[in-house]
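# Working through the structure, step by step
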Amino acid sequence: MKTFTAIIVSALLFISTGVFAEEHAAAALEHANQAVAHGKAGHSPILVEHAEAALTHAKKGAEVAKGESKTHLDAGVKSLESAIEHGKMGHADVATKAAEEAVEHIKAGNK
């Protein structure tokens, strides 16, 4: 009976890990899309705010993701870091491109 319980608990933990990754990826995607929208409008400071929020969620998602999802979320993290860096320098066009790359990676990692 103890072995059966241990197997069930392990399976539930494994499944919930994927759910946490998906929740964080969804939040990261929402903020990354907002970063893109504000970047296209030339609002670098607001782009940075949303990119930083997206980065927080993308990192948390990448911590629990596995396989190809993790690879894409890690790439999304790098793109968001680039978006933040360029956004802080006022380079809205470059920051927007990086945020768009992050959106694509996060979408791919959340499938």
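Along each chain, residues carry numbers from 1 onward, in the same order as the chain's sequence is written. It should be noted that, the model being predicted, local features are given only for residues of pLDDT at least 70 and side-chain atom pairs only at 80 or more, the latter also being counted only at that level, while totals for whole chains, interfaces and linings use all residues. Side-chain metrics rest on all non-hydrogen atoms present in the structure, leaving aside hydrogens and water.

By the naming in an unreviewed UniProt entry, the protein goes by Metal-binding protein SmbP and is assigned to Methylomonas albis.

Side chains carrying opposite charge are able to pair once their charged atoms draw close together. Salt bridges are counted wherever a side-chain nitrogen of Lys or Arg sits within 4 Å of a carboxyl oxygen of Asp or Glu. Taken as a whole and judged by the stated rule, the model has four salt bridges. Among the salt bridges present, the one from Glu52 reaches Lys88, with a minimum N-O distance of 3.6 Å. With Glu52 in helix H2 (residues 44-64) and Lys88 in helix H3 (residues 67-88), the pair connects residues that are 36 residues apart, well separated along the chain. With a 1.4 Å probe rolled over the protein chains alone, any residue whose accessible area is under 20% of its type maximum counts as buried; one over 50% counts as exposed, and the rest are partly exposed. Glu52 sits in the partly exposed class, given a relative accessible area of 33%. A relative accessible area of 60% places Lys88 in the exposed class. Here Glu101 ties to Lys97 by a salt bridge, and the two come within 3.8 Å at their closest N and O atoms. Of the two residues, Glu101 and Lys97 both sit in helix H4 (residues 92-109), four residues apart, roughly one turn of that helix. Lys97 gets classed as exposed once you look at its relative accessible area, which sits at 51%. A run of H or I in DSSP becomes a helix once it reaches four residues, and a run of E becomes a strand once it reaches two; helices and strands are each numbered from the N terminus.

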